[in-house]
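A look at the structure
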Amino acid sequence: MIPTDNRIDARDWLLLALLSILWGGSFFFNSAALRELPPLTLVLLRVAVGAALLLPLLRLYRISLPGDVASWWPYAAMALLNNVLPFSMIVTAQLYISSGLASILNATTPLFTVVVMAVVGEERLIARRAAGVVVGLIGVIILKGAGIELLTGQGIGILLCLGAALSYGFAALVARRWLSKSPPLATATCQLLASTVMMTVLAFVFDRPWRLPMPGVTTWLAVLGSAGLSTALAYLVFFQVLRRSGATNVTLVTLLLPVTAILLGYLVLGEPISVREIAGALVIASALLVIDGRVLRRRAVEVPTRRSTP
């Protein structure tokens, strides 16, 4: 059951921490695999291998695939908004920007989720959340620095990551309205199967992967890590937290992602970390805390309590 007071219990906080490691690693795996694979082919391999890993589990737990077209459409919508569009945009963006910066921009997902939920009437855009969105946008501006040139390589990368975050916001809406009661394993597997069909068409049209040279061992290990850890296992954790704590709460994982992605990019790939990126990340983190509101409510409760103590 999803709590009505926006609480997250200790178990879900642990799951969110695990999810941040799994998804944070995806930015590292992307950077490693992009050295030999084009973006759409990489995304195709990620979702196809992820689906192949989860299919045997469906049989093991005796979960059936949807038997008619009408039952597939929520999974197809989730596949488009939660896999095909954001994965493709983020991987393409990493041709222009570092994995650390991409992960920081991905942390704006809760900002877009709040706006999407308010526009469609799912949640009211109260003053605190509106302020959080504004602060988050300031954080993005800080990341880009002075002299914003959106037509440069870095500008294109930033726009692609923000587009991915917006897509994730709509995916949260789909998950909340139509997939909240679906078993996590079924949701993860069905959306990856639908994603595989869509990405096969896109990759074959634009990348023509059959003409590519055979990738090396490092690239295949990155693909397996992205598919097995950052996709198959990560979505099992994601949909478990979604069912227990709700769509808005589960998007808070993006607050933790930059730490993992930046450290992996710095330690393994040698990507630099600038002071501006750290400042922008801190501002975005502050925006998410404002949107979440729990820290502010806890502070408001503690202050009167302290004053009343003799």
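Think of each chain on its own: its residues are numbered from 1, step by step along the sequence as written. Predicted model: local features are reported for residues with pLDDT of at least 70 only, side-chain atom pairs are reported and counted for 80 or more only, and whole-chain, interface and lining totals are derived from all residues. Note that the side-chain values use all heavy atoms of the structure and ignore hydrogens as well as water.

Their axes nearest at 9 Å, the elements helix α1 (residues 10-33) and helix α4 (residues 99-106) cross at an angle of 140°. With respect to α4, the element α1 is oriented oblique. Between α1 and α4 lies a crossing of right-handed hand. Counting all contacts with α1, which are made through Phe27, Phe28 and Ser31, the residues of α4 involved are Ser99, Ala102, Ser103 and Asn106. When grouped by side-chain class, the residues that make up the contact of α1 with α4 number 3 nonpolar, 4 polar and no charged. For helices, the fitted line uses only the C-alpha atoms of the stretch in contact; every axis is such a line through C-alpha atoms, and the angle between N-to-C directions lies from 0 to 180 degrees. Under the DSSP-based scheme used, a helix requires at least four consecutive residues in state H or I and a strand at least two consecutive residues in state E, with every element numbered from the N terminus. Note on angle classes: values under 35 degrees are labelled roughly parallel, values over 145 roughly antiparallel, values of 65 to 115 roughly perpendicular, and the remainder oblique. A clockwise turn of the near helix away from the far one marks a right-handed crossing, whereas an anticlockwise turn of less than a right angle marks a left-handed crossing. Whether two residues touch is decided by their heavy atoms; if any such pair falls within 4.5 Å, the residues are in contact. Charged means Asp, Glu, Lys or Arg here, nonpolar means Ala, Val, Leu, Ile, Met, Phe, Trp, Tyr, Cys or Pro, and polar covers whatever is left, Gly included.

The span you would expect from a helix comes to 1.5 Å times its residue count less one. Between its terminal C-alpha atoms helix α2 (residues 39-60) stretches 33 Å, which fits the 32 Å expected from 22 residues at 1.5 Å a residue. Among all positions of α2, only Pro39, Leu40, Thr41, Leu42, Val43, Leu44, Arg46, Val47, Gly50, Ala51, Leu54 and Leu58 are buried. One or two positions beyond α2, positive phi appears at Arg62, with a value near 55°. Throughout, exposure labels follow a simple rule: accessible area from a 1.4 Å probe, protein chains only, divided by the maximum for the residue type, with under 20% read as buried, over 50% as exposed, and the rest as partly exposed.

The next subject is the confidence of the model for the chain. When pLDDT is averaged across the chain, the result is 84; 85% of the residues are at 70 or more. What pLDDT conveys is the predictor's confidence in a given residue, as a value from 0 to 100. When the criterion is pLDDT under 50, residues 1-5 qualifies, and its contacts beyond four places in sequence or with other chains add up to 9 contacts.

With that settled, the discussion passes to the environment of Leu22. Tracing the chain through its elements places Leu22 in helix α1. Between the C-alpha atoms of Leu22 and Ala261, which are 239 residues apart in sequence, the distance is 9.8 Å. Once residues lying within four places of it in the same chain are set aside, the contact partners of Leu22 are Leu229, Ser230, Leu233, Ala234 and Val237.

All right, on to the environment of Cys190 then. Checked against the element boundaries, Cys190 lands in helix α8 (residues 184-206). In this structure Cys190 comes out as buried when scored by relative accessible area, which is 2%. Linking Cys190 and Leu65, residues 125 residues apart in sequence, is a C-alpha distance of 7.3 Å. The contacts of Cys190, once residues within four sequence positions are left out, are Leu65, Pro66, Trp72 and Tyr75.

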